[in-house]
Amino acid sequence: TGTIYKGIRDITPILCAMKELKEDSVINSENFQLITAGNVADLFDDVQKLDVSDMHRHLGVVPRKDALRLIYDSDASILLLGKNNKGILSGKLFEYLSLSNFIFGVDFANSDDAGKIIKEANSGECFDSDVERIKEMILLKIKEKETKIVNRKNQEFINHYSRKNQADKLISFV
């Protein structure tokens with residue numbers, strides 16, 4: 001959900017991983033779908049070029065309530081922050097922490113600020129642009145879904161970032 005800014009946030013590593021796994025007959029439109037919502041027009045050319053359009057479904061712009069439901073119902077969410085993200089902790093990160101089953105951090109590293117939070121929360125992994133690692137994680141997540149293994153997030157840590165806790169901290173400064 002959201003907006004993809006070509007040249008700033010790069011989803012290409014996910015698409016390349018999808019392409020390679022499709023070519024290896026490991027994933028297909030029956031067991032893998034990249035569902036997008038929002039302003040992602042910049043994505044369509046790459047999806048076509050990499051021949052993964054059969055595994056991509058775009059819902060267009062949807063109401064916020066529906067976008068949050070999509071995140072909650074998904075097996076994983078893709079967080080794109082871009083390379084120059086020092087000190088950036090986007091609202092999308094906190095939505096995903098509270099709602100998503102697993103966060104694929106793409107185009108930034110575990111050592112970045114957002115990456116450290118994702119790791120501490122046990123809510124996902126950051127891959128920078130490493131297509132091989134992304135492929136391995138896609139396969140692991142498919143296997144976990146098939147065997148009904150559930151990711152155990154660090155909910156106590158995540159609760160520190162809830163809207164209520166953040167509002168309480170803000171109020172304490174006033």
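Residues numbered from 1 in each chain as written. Predicted model: local features only at pLDDT ≥ 70, side-chain atom pairs only at ≥ 80, totals over all residues. Heavy atoms only, no water.

**Q** Could you clarify how one ought to interpret the side chain of Lys135 in this entry?
**A** Mapped onto the elements of the fold, Lys135 is located in helix α6 (residues 131–146). By relative accessible area, Lys135 is classed as buried at 12%. Contacts of Lys135, omitting those with residues within four sequence positions, involve Ala17, Glu20, Leu21 and Asp24. (Helix = DSSP H or I, 4+ residues; strand = E, 2+ residues; numbered from the N terminus. Buried < 20%, exposed > 50% of the residue type's maximum accessible area, 1.4 Å probe, protein only. Contact = heavy atoms within 4.5 Å.)

**Q** Would you mind showing me how to read the layout of surface pockets here?
**A** The volume enclosed by the largest pocket comes to roughly 1300 Å³. As for the largest pocket, its lining consists of 44 residues, and the residues nearest its centre are Ser74, Asp75, Ala76, Ser77 and Ile78. At six residues, α6 tops the list of elements feeding residues into the lining of the largest pocket. When its residues are assigned to classes, the lining of the largest pocket shows 22 nonpolar, 11 polar and 11 charged. As for the second largest pocket, its lining consists of 15 residues, and the residues nearest its centre are Phe94, Ser98, Tyr161, Ser162 and Arg163. Those elements that place two or more of their residues in the lining of the second largest pocket are α3 (64–73), α4 (91–99), α7 (155–159) and α8 (163–173). Broken down by element, the residue count for the lining of the second largest pocket peaks at six residues, all from α4. (1 Å grid on protein atoms, 1.4 Å probe; cavity = no way out; pocket = protein on both sides within 12 Å on 5 of 7 lines; lining within 4 Å. Points joined across faces, edges and corners; volume = space filled by probe spheres on them. Nonpolar A, V, L, I, M, F, W, Y, C, P; charged D, E, K, R; others polar.)

**Q** Got a minute to help me understand the sheet that holds strand β7 (residues 124–126) in this structure?
**A** In a beta sheet, neighbouring strands are held together by backbone hydrogen bonds and run either parallel or antiparallel to one another. Strand order in the open sheet formed by three strands is β5-β6-β7, with parallel pairing between adjacent strands. Two strands in the sheet have a free side with no partner beyond their single neighbour: β5 (77–80) and β7. Strand-to-strand twist across the sheet, computed as the mean angle between neighbouring axes with direction ignored, equals 20°. Taken together, the three bridges between strand β6 (residues 103–106) and β7 define a ladder with parallel strand orientation. Considered in β7, the bridge of Ile103 is made with Gly124. Against the sheet, α4 touches β5 and β6, its axis set at about 160° to β5. (Pairing = 2+ DSSP bridges. Axes fitted to C-alpha atoms, helices over the stretch in contact; angles between N-to-C directions.)

**Q** I tried to follow the packing of helix α1 (residues 12–23) against α6 on my own but got confused; where do I start?
**A** A pair of packed helices can be characterised by two numbers: the angle between their axes and the separation between those axes. Following both chains from N to C, one finds α1 and α6 inclined at 65°, their axes separated by 9 Å at the closest point. For the pair α1 and α6, the sense of crossing is right-handed. Seen from α1, the contacting residues are Pro13, Ile14, Cys16, Ala17, Glu20 and Leu21; seen from α6, they are Val131, Glu132, Ile134, Lys135, Ile138 and Leu139. Of the residues belonging to the contact of α1 with α6, the class tally is nine nonpolar, no polar and three charged. (Left-handed = near helix turned anticlockwise from the far one by under 90°.)

**Q** Honestly, the packing of aromatic side chains in this entry has me stumped. Any pointers?
**A** The tally for this structure, following the rule as stated, stands at four aromatic pairs. Judged by centre distance (5.4 Å) and plane angle (25°), the ring pair of Phe104 and Phe127 falls under stacked. Taken as a pair, Phe104 in strand β6 and Phe127 in the loop between β7 and α6 lie far apart in primary sequence, 23 residues in all. Ring centres 5.4 Å apart and planes at 65° place the aromatic pair Phe157 and Tyr161 in the edge-to-face group. An aromatic cluster of three or more residues is present, and its members are Phe94, Phe157 and Tyr161. (Phe/Tyr/Trp six-rings, centres within 6.5 Å; stacked < 30°, edge-to-face > 60°.)

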